[in-house]
Amino acid sequence: MAGGATIEGSNTTATYEQARTWLLLPAWITLAVLVLTPVLLMLVYSFLTKEFRGGVIWEFSFAAYEQFFCDRGLFGDDPCSMEWTYINIFWRSIWQAGLATLLCLCIGFPTAYFIATRPERVRPMWVFLITIPYWVNLLIRTVSMRFMLREEGPVNNFLTWTHIIDEPIQMINTNFAVQVGLFYSYLPFMVLPIYAAVERYNFTLSEAAADLYATKWVILRRVLIPTVKPGVIAGCILVFVPSLGAFLAPDLLGGAKNFMIGSLIEEQFKGNAGNWPFGAAASMILLSSVLVLLMIYARSQVRPRRVHSEGA
Amino acid sequence: MRSQTLNIRNYTGFASMTVVCLLILYLPLAVVAVYSFNASQSIVAWEGFSFRWYVDVFTGLESEKFKLAARNSFVIALTAATVSTMIATLAATGMTRGGRFRGRTLSFGLISLPLMVPEIVTAVATLIFFNTIGFERGLLTILLAHIAFCIPFAYLPIAARMQGIEETYEQAAQDLYATKRQAFTKILLPLMMPGIISGFLLAFIISLDDFIITNFVKGAGVETLPTAIFGAVKQGIKPNIMAISTMLLGFSIVMVTISYFVSKKDDEV
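Residues numbered from 1 in each chain as written. Chains lettered and ligands numbered in written order. Predicted model: local features only at pLDDT ≥ 70, side-chain atom pairs only at ≥ 80, totals over all residues. Heavy atoms only, no water.

1. Section: the overall build of chain A
So, step 1. Helix and strand content of chain A: 14 helices and 4 strands.
So, step 2. By the compact-globule yardstick of 20 Å for 312 residues, chain A is too spread out, its C-alpha radius of gyration being 25 Å.
So, step 3. Each of the 312 residues in chain A was classed as buried or not, and the buried ones make up 51%.
So, step 4. Nonlocal contacts in chain A, meaning residues at least 24 apart in sequence, comprise 63% of its contacts between residues at least 6 apart.
So, step 5. Of the roughly 15,700 Å² of accessible surface on chain A, 64% is carried by carbon and sulfur atoms.
So, step 6. Averaging the positions of the 22 positive and the 21 negative side-chain charges in chain A gives two centres separated by 10 Å. (Helix = DSSP H or I, 4+ residues; strand = E, 2+ residues; numbered from the N terminus. Rg over C-alpha atoms; globule rule 2.2 N^0.38 Å. Buried < 20%, exposed > 50% of the residue type's maximum accessible area, 1.4 Å probe, protein only. Contact = heavy atoms within 4.5 Å. Areas by Shrake-Rupley, 256 points an atom, 1.4 Å probe, with all protein chains shown as cover. Lys, Arg positive; Asp, Glu negative; His and termini not counted. Charge placed at Lys NZ, Arg CZ, Asp CG, Glu CD.)

Written out as structure tokens, the structure is:
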């Protein structure tokens, strides 16, 4: 069989154009059935009536969303006033995820910059060092942080040994521990995209600015950071999104008092509360916030930089 | 001039920040690894070097539970990584070699969907899905969920690799009377191998490490290594947990190192 007809215009004729549908079909089916359908089903569940031992009754109801936003008093017949419990949990999650993002940025940016400016030969080694923790089981990393922060743990021991504090301070089961945990969990997610951006940065721009008598910090602020901004934003999103829905850090480091939205959702399905429609509604609210954020991000991306090459 | 350009590049304090960053990332893991060799029954005091907790993991009271969990984890990770890598390889071929077509963006969106949806949301949705269709929760539900969310992790390195391979190789093969199938299996597939291996390893680790989704879709009594560790940690961190953690840690590091050298060798070609 002669397949040589593709010589002329070889850039436009794709090799597997006829087989394309068949090639993509397994992925389409798997993801449509196992991800897309479940998410749509979750949307449906959030409008159903709860059954007390978990599960749902197939009757349309706004109860789940009402429970999230609406306080109807002890007997449930008062007029709706604002319910703050869940909004506060949500708000605190946003706040903690935001703070974790900021902390990661403060440590991650200098690190990424430092690595990207090493000689080209040793750069992969540095990236490798950052990548390892990224690949290590998040559960194990969270457990090790719990080990570090506990009452008689290394951190407390070190602080008492150096006489910074007189007796161990309670760190585990506090918001502080959750904050540290989130920061520690997602730090590599910040470094890698910023590194990728700084590595592509053309340092002649900095030289040009220096020739025009800009100081180093002015160059950093006015030339470098604006140029690598897409990488910075990507890093922030990669830290913020998983922090917002985090479950392990609040559960293992925060204990029962320091709920985040992830723990609230988990409680509805695994815990004793067992309110599936409410859990589905809380998940929908979380998902919508994330999707809105991602859409804003996609809009803000400069087009030519991100376009995928179409077989060219 | 040379020294001046170097000077522009270097900022005081950035090097020390990098040291801080690496310390933060590695110190907790190193401490747990060191303490897993502690001879003491308690996790507080250091009583000398010993392998006793590693022995305990394999022969101790809880060893059966952890062995079973480990076997479940590895079987699921191996199967999920294999299946999702195959699906991802086909999809990457279709996406990068399929020309322009309507629904390309949509396909890409669908493939990266598991990366955009927060993990806990995927977990909830999958649980609801299996519950609605009356699929009993067990190992199979874990496996199906893992196959789905591993696809984008396998897809990205494979597609990245494929984009870097010029189509002219396959066209040359076809000019020499190779069939499309031959051009794929004899030319494209070997060239893609480094990407496929990276994709497979990444999917494998992602599946092996997953806790949140597994925790939701697993049946009662079915445990994988992460859910078993989580259950044990809830009772307090015991030394045998630290030994298991250290072994998993070592395993992950070996996998990343392999993946690193595969891609490095690939760069030299």
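2. Describing unusual backbone geometry
So, step 1. The phi torsion at His163(A) lies on the positive side, around 60 degrees, for a residue other than glycine.
So, step 2. Of note, His163(A) is situated in the loop between α6 (154-161) and α7 (175-200).
So, step 3. Relative accessible area serves as the criterion here: at 66%, His163(A) is assigned to the exposed category.
So, step 4. The phi torsion at Tyr177(B) lies on the positive side, around 70 degrees, for a residue other than glycine.
So, step 5. Counting through the fold element by element, Tyr177(B) comes out in the loop between α9 (168-175) and α10 (180-209).

3. A word on the packing of α9(B) against α10(B)
All names here are of chain B.
So, step 1. Running from amino to carboxyl end, α9 crosses α10 at an angle of 145 degrees, the nearest separation of the two axes being 9 Å. When the axes of α9 and α10 are compared, the crossing they make is right-handed. Note on element contacts: α10 touches α9 through Lys180, Ala183, Ile187, Leu188 and Leu191, opposite Tyr169, Glu170, Ala173 and Gln174.
So, step 2. Tallied by class, residues from the contact of α9 with α10 come to 6 nonpolar, 1 polar and 2 charged. (Axes fitted to C-alpha atoms, helices over the stretch in contact; angles between N-to-C directions. Left-handed = near helix turned anticlockwise from the far one by under 90°. Nonpolar A, V, L, I, M, F, W, Y, C, P; charged D, E, K, R; others polar.)

4. What to know about the state of the cysteines
So, step 1. Enumeration according to the criterion identifies 1 disulfide over all chains in this entry.
So, step 2. Left without a disulfide partner, Cys106(A) is nearest to the cysteine sulfur of Cys104(A), which lies 9.3 Å away. (Disulfide = S-S within 2.5 Å.)

5. Some words on the environment of Tyr201(A)
All names here are of chain A.
So, step 1. Among the structural elements, tyrosine 201 can be located in the loop between α7 and α8 (204-211).
So, step 2. Looking at tyrosine 201, the relative accessible area reads 6%, which means it is buried.
So, step 3. Tyrosine 201 sits 56 residues away from methionine 145 along the chain, and the two C-alpha atoms are 35 Å apart.
So, step 4. The residues contacting tyrosine 201, other than those within four sequence positions of it, are Ser206, Val223, Leu224, Thr227 and Val228.

6. With respect to the interface of chain B and chain A
So, step 1. Chain B puts 98 residues into the contact, and the matching count from chain A is 99 residues.
So, step 2. Summed over both sides, the interface between chain B and chain A buries roughly 9,500 Å², with carbon and sulfur atoms accounting for 74% of that surface.
So, step 3. Broken down residue by residue, the surface that chain B buries against chain A is led by Arg9(B), Tyr11(B) and Phe14(B), which jointly contribute 7%.
So, step 4. Here chain B is connected to chain A by 1 salt bridge.
So, step 5. Remark: the boundary between chain B and chain A carries 11 residue pairs in polar contact (both at pLDDT 80 or more). (Buried area = accessible area lost by both parts, 1.4 Å probe. Salt bridge = Lys/Arg side-chain N within 4 Å of Asp/Glu carboxyl O. Polar contact = N/O pair within 3.5 Å; in protein donor to acceptor, adjacent residues only side chain to side chain.)

7. Section: the confidence of the model for chain B
Residue and element names in this part refer to chain B.
So, step 1. In the predicted model, chain B carries a mean pLDDT of 87, and 96% of its residues have values of at least 70.
So, step 2. For chain B, the element scoring lowest by mean pLDDT is helix α1 (residues 2-9), at 59; helix α7 (residues 119-132) scores highest, at 94.
So, step 3. Across the assembled chains, the prediction reports ipTM 0.87 with pTM 0.86. (pLDDT = per-residue confidence, 0-100.)

8. Overview of empty space enclosed by the protein
So, step 1. Inspection of every chain in the model, using the stated rule, returns 1 cavity of 30 Å³ or more.
So, step 2. If you add up the space inside the largest cavity, you get close to 30 Å³.
So, step 3. Sorting the residues of the lining of the largest cavity by element identifies α1 (20-45) of chain A together with α7 and α8 (139-163) of chain B as the ones contributing at least two each.
So, step 4. In terms of residue count, the dominant contributor to the lining of the largest cavity is α8(B) (3 residues).
So, step 5. Partitioning the lining of the largest cavity into residue classes produces 6 nonpolar, 2 polar and no charged. (1 Å grid on protein atoms, 1.4 Å probe; cavity = no way out; pocket = protein on both sides within 12 Å on 5 of 7 lines; lining within 4 Å. Points joined across faces, edges and corners; volume = space filled by probe spheres on them.)

9. Description of the packing of helix α4 (residues 63-97) of chain B against helix α12 (residues 225-234) of chain B
Residue and element names in this part refer to chain B.
So, step 1. Closest axis-to-axis distance for the α4/α12 pair is 7 Å, and the angle between their directions is 145 degrees. From α4, Phe66, Ala69, Ala70 and Ser73 reach across to α12, where they touch Leu225, Pro226, Ala228, Ile229 and Ala232.
So, step 2. Here the contact of α4 with α12 is composed, by residue class, of 8 nonpolar, 1 polar and no charged.

10. Description of the pairing of strand β2 (residues 56-60) of chain A
So, step 1. Both strand β1 (residues 48-50) of chain A and β2(A) contribute to a ladder of 3 bridges, which runs antiparallel. Counted as the bridge partner of Lys50(A) is Val56(A) from β2(A). (Pairing = 2+ DSSP bridges.)

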